[in-house]
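Letter by letter, the chains look like this.
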Amino acid sequence: MKHFDAVIAGSGLGSLTAASLLCNEGLNVCIIEQNYLPGGCTSSYWRKGFVFESGATTLVGLDNGMPLKYVLDKTGIEINYRKLDLPMKVRLKNGVDITRHQDLNLWIEEAGNKFGDIENQRKFWFKCFEISQFVWRNSSKQLNFPPTKFRDFVETAKSISTEQLKFAKYAFITIDDMLDKYHLKNNPSFLEFIDEQLLITAQNRRQEVNALFGSAALCYTNFTNCYVDGGLINLVQPFIDYLTNNGGDLLLRNPIINVVKKNHYVITTKKEKLTADYFISGIPINNTINLYKGKYLKNVQKKLLPSEKLNSAFQMGIGFKSRKKFDTIHHQIHLNKPLSGTKSDSIFISINHEEDYTRCDEPGTRVASVSTHLNNPENNIFDKNLTEKEIIETLESHGILKQEDIIYQHSSAQKSWEKWTGRAYGFVGGYPQFKKIKPWQMIDSRL
């Protein structure tokens, strides 16, 4: 059996980050991935002359203090990307377009003009941005939270700052509470806007998402948003290159069967057995608990979220002839009535950058990724063809594309996500935020 200093389950961006930082410390690392491509929900694949994203489409995290910037600076990994001048546009049910400017003052002016009450809008968004800056500044400073052992409490106490104590209160109030404070709950369109924006990044609505997480979620468009030519597989590949150039290994099409702790970890895969001093799970806890039966995981059994509290996604990949020039590549459309299949109230569309010619074989064509939330994926059964039809009609009515210009389209729902990522129920994103789950009750990120 081949021995490694550390073996990591899954090859999503969290696993790639862990692997790169361990390689940087001189450890010999192996990543094990069940899919034929690395990256998990941050990857790309080729089909019928187009490169489609497998999940995420927006790259954020390159500003000072953000985790991705930290990892790149620490390791020297380089990524080629384009900075987006305009992060996103949102079309409300009443047909009004909301432009999500990166510049905070421009965004506050836009929010005030479109939703009214500019003074309270200003106070609310300045506070959200202040909180989000704090979140990113401190994202790599408390590495032992939530505490599960006495040593964790000691390390947390040693690392705590006056600023952290000042902002701690925002972990105990929700975005809805903040809207109450700033008297911003009188406009239904604004509340719908907040909810649908939170669903993109926090996987839940304003009544459940705490102000710490929610502020960072709402303000991600006020930080640098980027696009990677050729798809996000080109974000993943530099991490893989760093791993292999530093003596590490990546095993694809090789699902883990079980993990046993003896003198060291014994990892049994479909093809072989490996041993390691450290085992790191980069896959959801719902999956990890089926691989490793150690005492730690018995203690978190009661914290697992069932399907009814999780979200999968319905996603369409569309290759089409382009007739128009887009001022932004990311769009969210609020629906006048929920999709009959998924029951979701909005769709999110990402179009490849007009200067990226590597994602389409034919000149003059573009590729679009369309996604929407799918709650309770284990039990949500619906007509995919009808949902596709409704989405195409929506895109056409909002001028994104014309049906006769579609060259190729395909769709995926929870079963496809489960097959692609291996995740239980095919759920996407992280665990949703819930008001009743306090920060110290969250599952810690160490195994």
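Our structure's up above, just so we're on the same page.
Quick caveat, the model's predicted, so the values are computed rather than measured.

S.K.: Explain the nonpolar core to me, using residue names and the numbers behind them.
M.R.: With 39 residues, the main nonpolar core has Phe124, Trp125, Met178, Leu179, Phe190, Phe193 and Ile194 as its most contacted residues. For this core, the secondary structure elements donating two or more residues are β7 (88-91), α3 (104-115), α4 (118-138), α7 (175-181), α8 (188-201) and α9 (211-218). Here Ile194 is in contact with Phe124, Trp125, Ile175, Leu179, Arg206 and Leu218, once residues within four sequence places are set aside. Ala18, Ala19, Cys23 and Leu72 belong to the second largest nonpolar core, which has 25 residues in total.

S.K.: Kindly report on the environment of Ser371, identifying the contributing residues and their values.
M.R.: Among the structural elements, Ser371 can be located in strand β17 (residues 365-375). Overall, Ser371 belongs to the partly exposed group, its relative accessible area being 24%. Separated by 39 residues in the primary sequence, Ser371 and Gln332 place their C-alpha atoms 9.7 Å from one another. Excluding anything up to four places from it in sequence, Ser371 contacts Phe314, Gln315, Ile347 and Phe348.

S.K.: A description of the sheet that holds β7 should follow, citing residues and the corresponding values.
M.R.: If you walk across this open sheet you meet the seven strands as β8-β7-β15-β16-β17-β14-β18, and the pairing is mixed. With one partner strand each, in any of the chains shown, β8 (97-100) and β18 (406-412) form the two edges of the open sheet. Direction aside, neighbouring strands of the sheet carry axes that sit 20° apart on average. Strand direction decides the pairing type here: β7 and strand β15 (residues 330-334), joined by three bridges, are parallel.

S.K.: Lay out empty space enclosed by the protein with the relevant residues and their values.
M.R.: Here the structure, examined in full by the defined rule, presents three cavities of 30 Å³ or more. Forming the walls of the largest cavity are Ala171, Phe172, Ile173, Thr174, Glu208, Asn210, Gln433, Phe434, Lys435, Ile437, Lys438 and Pro439. Of the residues in the lining of the largest cavity, the class split is six nonpolar, three polar and three charged.

S.K.: Describe in detail unusual backbone geometry, supporting the description with residues and values.
M.R.: Residue Asp117 is not a glycine yet carries a positive backbone phi of 55°. By secondary structure assignment, the location of Asp117 is in the loop between α3 and α4. Residue class for Asp117 comes out partly exposed when judged on its relative accessible area of 38%. At His183, a position not held by glycine, the phi torsion is positive, near 55°. As for its position among the elements, His183 is in the loop between α7 and α8. Exposure remark for His183: the relative accessible area of 55% places this residue in the exposed category.

S.K.: Now, about the environment of Ser346: what can you tell me, with residues and values included?
M.R.: Looking at the element boundaries, Ser346 is found in strand β16 (residues 346-351). Judged by its relative accessible area of 8%, Ser346 is buried. The spacing of Ser346 and Ser397 is 51 residues in sequence and 14 Å in space, taken between C-alpha atoms. The residues contacting Ser346, other than those within four sequence positions of it, are Glu196, Gln332, Ile333, His334, Leu335 and Thr372.

S.K.: Describe the side chain of Ser215, with residues and values.
M.R.: When you line up the elements, Ser215 lands in helix α9. Within the local environment of Ser215, its side chain forms a polar contact with the backbone oxygen of Ala211, the two atoms lying 2.7 Å apart. Aside from chain neighbours lying at most four places away, what touches Ser215 is Cys128, Ile131, Ser132, Ile175 and Met178.

S.K.: So what about the pattern of salt bridges? Which residues, and what values?
M.R.: Any two side chains of opposite charge can pair, so long as their charged atoms come close to each other. Under the counting rule described, the total for this entry stands at 20 salt bridges. In this structure, Lys89 engages Asp327 in a salt bridge whose closest nitrogen and oxygen atoms are separated by 3.2 Å. Pair noted here: Lys89 is in strand β7 and Asp327 is in the loop between β14 (311-321) and β15, with a separation of 238 residues, a long-range link. Looking at Lys89, the relative accessible area reads 19%, which means it is buried.

S.K.: Mind laying out the packing of α4 against α8, listing which residues take part and the relevant values?
M.R.: In a pair of packed helices, the angle between the axes and the distance between the axes together describe the arrangement. Packing of α4 against α8 leaves a shortest axis separation of 14 Å and a crossing angle of 15°. Classified by the interaxial angle, the pair formed by α4 and α8 is roughly parallel. Crossing hand, α4 versus α8: right-handed. Residue-level inspection shows Gln121, Phe124 and Trp125 of α4 in contact with α8, the latter providing Phe190, Phe193 and Ile194. Of the residues contributing to the contact of α4 with α8, the split by class is five nonpolar, one polar and no charged.

Conventions and cut-offs
- Residues numbered from 1 in each chain as written.
- Predicted model: local features only at pLDDT ≥ 70, side-chain atom pairs only at ≥ 80, totals over all residues.
- Heavy atoms only, no water.
- Core = buried A, V, L, I, M, F, W, Y, C linked by side-chain atoms within 4.5 Å.
- Buried < 20%, exposed > 50% of the residue type's maximum accessible area, 1.4 Å probe, protein only.
- Helix = DSSP H or I, 4+ residues; strand = E, 2+ residues; numbered from the N terminus.
- Contact = heavy atoms within 4.5 Å.
- Pairing = 2+ DSSP bridges.
- Axes fitted to C-alpha atoms, helices over the stretch in contact; angles between N-to-C directions.
- 1 Å grid on protein atoms, 1.4 Å probe; cavity = no way out; pocket = protein on both sides within 12 Å on 5 of 7 lines; lining within 4 Å.
- Points joined across faces, edges and corners; volume = space filled by probe spheres on them.
- Nonpolar A, V, L, I, M, F, W, Y, C, P; charged D, E, K, R; others polar.
- Polar contact = N/O pair within 3.5 Å; in protein donor to acceptor, adjacent residues only side chain to side chain.
- Salt bridge = Lys/Arg side-chain N within 4 Å of Asp/Glu carboxyl O.
- Parallel < 35°, antiparallel > 145°, perpendicular 65-115°, else oblique.
- Left-handed = near helix turned anticlockwise from the far one by under 90°.

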